[in-house]
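The primary structure of each chain is shown beneath.
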Amino acid sequence: MEQVGQLFTESVFQVGLVPINGILTRPRQPCNGPTIVILNSGLLHHIGSCRLSVSISRHLASLGYNTIRFDFAGIGDSPSRADATVSEPQKTIEQLQEVFSFVEKQGIASEFLVGGLCSAADGAFHIGVVDKRVIGIFQIDPYLFRTPEYYLRRYFPRRLNPAAAVRWFWRKLKSASSRSNEPSFHDDSRFKLPQEEVSTGYQILIDRKVRVLVFVTGEQSMLYNYSRQFYDMFRRVDFGSFLDFNYRKDSSHMMLEPGQREFISSKIVAWVQQTAGDHVNRQTQPTARHIP
Amino acid sequence: MEPLFFGTDKRLYGVLHTPPQGICNQAVLICPPVGQEYLRLHRSLVWLSGMLAEKGIGVLRFDYRGTGDSAGVLEKVVADEWLEDGEEAFEELHEQFGSVPKSVIGIRLGALVAAHCSTAQAVERLLLWEACQSGAEFLAELKDDMLTRLLPECNFESNDGTIHHNGFVYSDKLQRSLRSNTILQNEIQRLKTKELLLLDRKIPDKPLIAADASSLNISQHICQVDFSWLDVDVIGSAIIPQKALDNIVKLMS
């Protein structure tokens, strides 16, 4: 069952007895680089917000990278599994490792770049921390924590400026009155992790030279309101050159704006190329010889 | 749930839901809506397919070209290609489930594809859930919505006539081809179905039941559910209109 494009082919794959279902996009030319794994976010199925996971997968495959997009059990096109006793991060890790093993057994790759939006960003973080096969993670709206400066920026100007205080109050009033009665279902079970644990996790990643690409969108303003807040959140972590951070103040969380979508997807593609290239270079560099 | 690529060059993505008992007494093709409506309804369509399969009905749901996992990009497709996709999906349904009676469900813009399927093949039942009666009606809804929504960066019409609505792009070419689709307004007599079931939340202002459709067995069903197809919230919450899903299962079985 294979869909054939000019530069890539796509096939469905199933992993496990209660299968995880997904799509493997492969370049026409054989590829030795890492496989890029795009995770599904919350309840959105594997095509991603505004079909972004599909377009990124195909773009990367046309540049020579194997990519995978799939649904975690119970989401989208993957049936539920009876593993209610296992914690959310553990489920994510186990299912991702099943997918990794499948890719390895197929002889496709043994290294991975993993990422996605929101809970997918969390999933990429969790697997990256525990699995050495992960050489890079990309995160859109990952775990965020308020800092002292966040509070200063959020509340201090209003106290000083009566007009701003009135505007703020008016906005609150308006948003409260325009709430929809629509019966909908959203994933508010995004697993919360203490800041200290996230900080330790990033340090583990950086110590292992795992590349990290982060986007924070403006819609996270309840948690995040200035560009370098990410660095303040994790002061203890020396990200060095391993972090590529991008604050997209004008982007919605769902990336509904065409310009923002274009920026984020282009950046991910360029980051994948750079990360995969650097990794190959590191592996092929001759070991320095000690001359007595 | 069995995902597959099918059709010409395997360009269409679909998912089969086979009855767990193994006995399939009927088969249904689901023609989904498009854009943000499809993204938000996807979870419901998975549930609906599972519920139908439990009743012994085999289901194929699929993505049109330029949508979901099917080939192509939305910017480059035209509505006629979606009609072809509907035909190919119906053929696949036949291939997968054999000679059992077949029905088609069309949702919103998907109603036009479903109706087209039932002009080429005789179908047992054609169920249209909140059907857009024409491509022009769908586009008018998008444009109305753009005027009321306070997100000009996401919802606008560019100089070349392309409509950007909630993260999805409807090119001028696609719009023109959609406008020419009036099957449910002017050609309803072409439908080859034993039963046409219309599911809406209220009696439509312009009912489909036209004088020239008297030969069709049409029934209108009302199911009051409170949600908006065109909305999209901060985190892309799913639409789960359980009452409507239950109604569809009842009508189809």
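A brief report on the enclosed structure follows.

This paragraph deals with the environment of aspartate 278 of chain A. Inspection of the secondary structure assignment puts aspartate 278 of chain A in helix α8 (residues 258-284). By relative accessible area, which is 23% here, aspartate 278 of chain A ends up partly exposed.

So, about the environment of glutamate 2 of chain B. Among the secondary structure elements, glutamate 2 of chain B is positioned in strand β1 (residues 2-6). It is 8.4 Å that separates the C-alpha atoms of glutamate 2 of chain B and glycine 14 of chain B, two residues lying 12 residues apart in sequence. Glutamate 2 of chain B has contacts with Gln14 of chain A together with Gly14, Val15 and Leu16 of chain B, leaving out every residue within four places of it along the chain.

Quick look at the interface of chain A and chain B now. How large an interface is tends to be reported as the accessible area lost when its parts come together. The interface is formed by 41 residues belonging to chain A together with 47 residues belonging to chain B. For the pair chain A and chain B, the interface holds 2 salt bridges. The closest approach of N and O atoms between arginine 61 of chain B and aspartate 77 of chain A, which form a salt bridge, is 2.9 Å. The interface formed by chain A and chain B holds 15 residue pairs in polar contact (both at pLDDT 80 or more) in total.

All names here are of chain B. Read across the open sheet, the 8 strands follow the order β1-β2-β4-β3-β5-β6-β10-β11; overall the sheet is mixed. Each of the sheet's edge strands pairs with one partner strand only, and the pair in question is β1 and β11 (218-222). The average angle at which neighbouring strand axes cross in this sheet is 20°, direction not considered. In terms of strand pairing, strand β3 (residues 26-31) meets strand β4 (residues 57-62) through 5 bridges, oriented parallel. Within β4, the position partnered with isoleucine 30 by the bridge is arginine 61. Against the sheet, helix α2 (residues 79-97) makes contact with β1, β2 (12-17), β3, β4, β5 (102-107) and β6 (123-129), and its axis sits at roughly 150° relative to β4, the strand it touches most. Helix-sheet contacts for helix α7 (residues 242-252) involve β3, β4, β5, β6, β10 (193-200) and β11, and the interaxial angle to β6 is about 165°.

Residue and element names in this part refer to chain B. An order of β7-β8-β9 is seen for the 3 strands of this open sheet, with the pairing classed as antiparallel. Where the open sheet ends on each side, the last strands, each with one partner, are β7 (156-157) and β9 (168-170). Judged from the 3 bridges that link them, strand β8 (residues 163-165) and β9 form a sheet pairing that is antiparallel. Following the sheet pairing, histidine 164 is matched in β9 by valine 169. Its contacts with the sheet put helix α4 (residues 135-148) on β7, β8 and β9, and the angle it makes with β8 is roughly 65°.

A word on the layout of surface pockets. Computed from the structure, the second largest pocket encloses a volume of approximately 1,100 Å³. Taken together, 43 residues make up the lining of the second largest pocket; nearest its centre are Arg51, Ser55 and Arg58 of chain A together with Gly72 and Val73 of chain B. Counting residues per element, the ones that place at least two in the lining of the second largest pocket are β1 (2-4), β2 (8-15), α1 (52-62) and α8 of chain A together with α1 (36-54) and β9 of chain B. Among the elements that make up the lining of the second largest pocket, the one with the highest residue count is α1 of chain A (7 residues). Among the residues making up the lining of the second largest pocket, the classes are represented as 19 nonpolar, 13 polar and 11 charged.

The gaps of empty space that remain are located by a probe, the size of a water molecule, rolled over the atoms. Residues and elements named next belong to chain A. Considering all chains together, one arrives at 4 cavities of 30 Å³ or more under this definition. Of the pockets and cavities examined, the largest cavity occupies roughly 130 Å³. Along its surface, the largest cavity is lined by 15 residues, and Ile38, Ser53, Gly116, Leu117 and Ile140 are the ones closest to its centre. Broken down by secondary-structure element, the contributors of at least two residues to the lining of the largest cavity are α1, β6 (112-117) and β7 (134-140). With 3 residues, the top contributor of residues to the lining of the largest cavity is α1. Partitioning the lining of the largest cavity into residue classes produces 9 nonpolar, 6 polar and no charged.

This paragraph deals with the nonpolar core. Leu29, Trp82, Val104, Leu128, Phe138 and Leu196 of chain B are the most contacted members of the largest nonpolar core, which has 62 residues in total. Here this core takes 7 residues from α2 of chain B, the largest share from any one element. Residues Val99, Val103, Val114 and Val216 of chain A belong to the second largest nonpolar core, which totals 49 residues.

Residue and element names in this part refer to chain A. Scanning the entire structure with this criterion turns up 26 aromatic pairs over all chains. Where phenylalanine 138 meets tryptophan 271, the ring centres are 5.8 Å apart and the plane angle is 65°; that geometry is what we call edge-to-face. Here phenylalanine 138, found in strand β7, pairs with tryptophan 271, found in helix α8; they are 133 residues apart in sequence, far enough to count as distant. Here the aromatic rings of tyrosine 151 and tyrosine 155 are separated by 6.5 Å at their centres, their planes lie at 15°, and the arrangement is stacked. Of this pair, tyrosine 151 and tyrosine 155 both sit in helix α4 (residues 148-160), 4 residues apart, which is roughly one turn of the helix. Residue tyrosine 151 is classed as partly exposed on the basis of its relative accessible area of 40%. Through a chain of ring-to-ring contacts, three or more aromatic side chains come together here, namely Phe125, Tyr143, Phe145, Tyr202, Tyr224, Phe230, Tyr231, Phe234, Phe239, Phe245 and Tyr247. If you follow arginine 248 out to its NZ or CZ, it ends over the ring of phenylalanine 263, 3.5 Å from the centre.

Conventions used here
Residues numbered from 1 in each chain as written. Chains lettered and ligands numbered in written order. Predicted model: local features only at pLDDT ≥ 70, side-chain atom pairs only at ≥ 80, totals over all residues. Heavy atoms only, no water. Helix = DSSP H or I, 4+ residues; strand = E, 2+ residues; numbered from the N terminus. Buried < 20%, exposed > 50% of the residue type's maximum accessible area, 1.4 Å probe, protein only. Contact = heavy atoms within 4.5 Å. Salt bridge = Lys/Arg side-chain N within 4 Å of Asp/Glu carboxyl O. Polar contact = N/O pair within 3.5 Å; in protein donor to acceptor, adjacent residues only side chain to side chain. Pairing = 2+ DSSP bridges. Axes fitted to C-alpha atoms, helices over the stretch in contact; angles between N-to-C directions. 1 Å grid on protein atoms, 1.4 Å probe; cavity = no way out; pocket = protein on both sides within 12 Å on 5 of 7 lines; lining within 4 Å. Points joined across faces, edges and corners; volume = space filled by probe spheres on them. Nonpolar A, V, L, I, M, F, W, Y, C, P; charged D, E, K, R; others polar. Core = buried A, V, L, I, M, F, W, Y, C linked by side-chain atoms within 4.5 Å. Phe/Tyr/Trp six-rings, centres within 6.5 Å; stacked < 30°, edge-to-face > 60°. Lys NZ or Arg CZ within 6 Å of the ring centre and 35° of its normal.

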